[in-house]
Amino acid sequence: MLTTKQKDKIIKSYQDHEKDTGSASVQVAVITEEIERLALHLKKNPKDNHSRRGLLKMVSHRKSLLNYLSKNDEKKYNSLIKKLGLKK
């Protein structure tokens with residue numbers, strides 16, 4: 001789980017304008033950070049199936065947000081993918 005300070009830091013680095021906290025690019029960045037933290041947890045605790053289910057839900061949610069972004073704003077999608085280090 002991300003702390004409020006960590007989440008604010010991520011939002012500030014990916015927002016389009018000053019009050020942007022919920023755009024697709026910001027949501028993808030926050031979810032990506034949570035996925036990375038949960039993946040580390042699951043490497044230490046491989047039998048934690050409840051967390052594994054949450055991870056899969058987050059991955060599918062991120063995928064749907066990325067699909068939305070690729071259809072509506074290809075330039076922002078490509079820059080976000082490069083910045084986060086994700087595959088297409």
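Preceding this section is the structure that the text describes.
It should be emphasised that the depicted structure is a prediction, and the values quoted were computed from it without experimental measurement.

(A) Examining the packing of helix α2 (residues 24-44) against helix α4 (residues 74-84) more closely. Running from amino to carboxyl end, α2 crosses α4 at an angle of 20°, the nearest separation of the two axes being 11 Å. With respect to α4, the axis of α2 lies roughly parallel. In the crossing of α2 with α4, the sense of the turn from one axis to the other is right-handed. Contacts from S25, V28, A29 and T32 of α2 reach α4 at K76, L80 and L84. Taken together, the residues of the contact of α2 with α4 break down into four nonpolar, two polar and one charged.

(B) Spatial organisation of the environment of Y77. Tracing the chain through its elements places Y77 in helix α4. For the pair Y77 and A29, spaced 48 residues apart in sequence, the C-alpha separation works out to 12 Å. Those residues within four positions of Y77 in sequence are excluded, and the remaining contacts are L66, L69, S70 and K88.

(C) Structural context of the packing of aromatic side chains. Within the structure shown, the criterion is met by zero aromatic pairs. Over the face of the ring belonging to Y14 we find K83, whose NZ or CZ atom lies 4.5 Å from the ring centre.

(D) Inspection of the pattern of salt bridges at higher detail. Under the definition given, this model contains two salt bridges. Its salt-bridge partner being K76, residue D16 comes within 2.7 Å of it at the nearest N-O pair. Highlighted residues: D16 in the loop between α1 (4-14) and α2 and K76 in helix α4, separated in sequence by 60 residues. On the basis of relative accessible area, K76 is assigned to the partly exposed category, the value being 26%. Measuring nitrogen to oxygen at the nearest pair gives 3.6 Å for the salt bridge that ties E33 to R37. Of this pair, E33 and R37 both sit in helix α2, four residues apart, which is roughly one turn of that helix. Using a relative accessible area of 24% as the deciding quantity, one classes E33 as partly exposed.

Criteria and thresholds
Residues numbered from 1 in each chain as written. Predicted model: local features only at pLDDT ≥ 70, side-chain atom pairs only at ≥ 80, totals over all residues. Heavy atoms only, no water. Axes fitted to C-alpha atoms, helices over the stretch in contact; angles between N-to-C directions. Helix = DSSP H or I, 4+ residues; strand = E, 2+ residues; numbered from the N terminus. Parallel < 35°, antiparallel > 145°, perpendicular 65-115°, else oblique. Left-handed = near helix turned anticlockwise from the far one by under 90°. Contact = heavy atoms within 4.5 Å. Nonpolar A, V, L, I, M, F, W, Y, C, P; charged D, E, K, R; others polar. Phe/Tyr/Trp six-rings, centres within 6.5 Å; stacked < 30°, edge-to-face > 60°. Lys NZ or Arg CZ within 6 Å of the ring centre and 35° of its normal. Salt bridge = Lys/Arg side-chain N within 4 Å of Asp/Glu carboxyl O. Buried < 20%, exposed > 50% of the residue type's maximum accessible area, 1.4 Å probe, protein only.

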